[in-house]
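Listed below are the residues making up each chain.
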Amino acid sequence: MEKYLKPFMLLQGALAAAIAWLSNKLGILFPMLVILCFLMAADYITGMLASKKEALDHPDNSAYGWCSAKGARGILKKVGYMAVIAVAMTLDYVIMILAGQVGLDVRKSVFFGLLATAWYILNEMLSIAENAGRMGANVPEWMLKYIAVLKQKIDDKGEGAE
């Protein structure tokens, strides 16, 4: 039994070290990215469940139901989200490096990466709520509006509006 435990403990230690390193390097962005990943998985699952419910409600209509092409598009879209966040994080890094070269003190080193991540978190929350509505759950309209307002505030902040 011990010979199986040792590799597991090594893997666990390596994973903990990698998470600690990422957390140290990314700061506040790390927990935001973890939340986003969980929400993306939840959105995908709730989307599949909503499609299944619609297929049960409309058994003779092939427009309803889960489709592997739609699922693949959803996964590709989420990969695109991560690419946009990577671009935003790179922009933060370039601004920080360039500001240092010209003697400016830039304190917000994760501004664009954080904004993009927060925007996608709100987008996923909205999508999950919409999927819940498609499954038959009553979704409070105020909640959908509040999420939309928060997304707009992030858009405004990214555009420099106050």
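Everything numeric in this text was worked out from a predicted model, so none of it was measured.

Parameters at a glance
- Residues numbered from 1 in each chain as written.
- Predicted model: local features only at pLDDT ≥ 70, side-chain atom pairs only at ≥ 80, totals over all residues.
- Heavy atoms only, no water.
- Helix = DSSP H or I, 4+ residues; strand = E, 2+ residues; numbered from the N terminus.
- Rg over C-alpha atoms; globule rule 2.2 N^0.38 Å.
- Buried < 20%, exposed > 50% of the residue type's maximum accessible area, 1.4 Å probe, protein only.
- Core = buried A, V, L, I, M, F, W, Y, C linked by side-chain atoms within 4.5 Å.
- Contact = heavy atoms within 4.5 Å.
- Phe/Tyr/Trp six-rings, centres within 6.5 Å; stacked < 30°, edge-to-face > 60°.
- Lys NZ or Arg CZ within 6 Å of the ring centre and 35° of its normal.
- Axes fitted to C-alpha atoms, helices over the stretch in contact; angles between N-to-C directions.
- Parallel < 35°, antiparallel > 145°, perpendicular 65-115°, else oblique.
- Left-handed = near helix turned anticlockwise from the far one by under 90°.
- Nonpolar A, V, L, I, M, F, W, Y, C, P; charged D, E, K, R; others polar.

**Q** Sorry if this is basic, but what is going on with the overall build of the protein chain here?
**A** Regarding its fold elements, the protein chain presents 5 helices and 0 strands. In terms of overall dimensions, the protein chain is more spread out than a globule: its C-alpha atoms have a radius of gyration of 20 Å, far above the 15 Å expected for 162 residues. Oriented by its inertia axes, the alpha-carbon framework of the protein chain measures out at about 65 × 60 × 30 Å. When each of the 162 residues of the protein chain is scored for burial, the buried share is 25%.

**Q** Would you take a moment to explain the nonpolar core for this structure?
**A** The nonpolar side chains of a soluble globular protein tend to be buried, and buried together. Counting residues in hydrophobic clusters, the biggest one holds 13 residues, and the most contacted among them are Leu26, Leu33, Leu36, Ile85 and Tyr120. Within the residue set of this core, elements represented by two or more residues are helix H2 (29–57), helix H3 (68–101) and helix H4 (111–134). Top element by residues in this core is H2. It accounts for 6 residues. Filtering out sequence-adjacent residues up to four positions away, Leu36 remains in contact with Met82, Ile85, Thr117, Tyr120, Ile121 and Glu124. Counting residues in each nonpolar core, the second largest holds 8 residues, with Leu115, Leu122, Ala129 and Leu144 among its members.

**Q** Would you mind going over the packing of aromatic side chains with me for this structure?
**A** For any pair of aromatic rings, the description consists of the separation of the ring centres together with the inter-plane angle of the planes. Tallied over the full model, the rule gives 3 aromatic pairs. Across the ring face of Trp119, the terminal group of Lys151 is positioned such that the distance to the ring centre comes to 4.4 Å.

**Q** Would you take a moment to explain the environment of Met40 for this structure?
**A** As for its placement among the helices and strands, Met40 is situated in helix H2. Spatially, the C-alpha atom of Met40 lies 6.3 Å from that of Glu124, the residues being 84 residues apart in sequence. Those residues in contact with Met40 that lie beyond four places of it in its chain are Lys78, Tyr81, Met82 and Glu124.

**Q** I tried to follow the packing of H4 against helix H5 (residues 141–158) on my own but got confused; where do I start?
**A** Look at H4 against H5: their axes get within 10 Å of each other, and the N-to-C directions meet at 160°. Classified by the interaxial angle, the pair formed by H4 and H5 is roughly antiparallel. Where H4 crosses over H5, the handedness of that crossing is left-handed. Across the interface between the two elements, Phe111, Leu115, Ala118, Trp119, Leu122, Asn123, Met125, Leu126 and Ala129 of H4 pack against Met143, Leu144, Ile147, Leu150, Lys151, Ile154, Asp155, Lys157 and Gly158 of H5.

**Q** How do you make sense of the packing of H2 against H3 when you look at a structure like this?
**A** Geometry of a packed helix pair, given as the angle between the helix axes and the separation of the axes. Look at H2 against H3: their axes get within 11 Å of each other, and the N-to-C directions meet at 170°. If you check the angle between H2 and H3, you find them roughly antiparallel. Residues Leu29, Leu33, Leu36, Cys37, Met40, Asp43 and Tyr44 of H2 touch H3, and the partners they reach there are Gly71, Ile75, Lys78, Tyr81, Met82, Ile85 and Met89. Looking at the contact of H2 with H3 residue by residue, the classes come out as 11 nonpolar, 1 polar and 2 charged.

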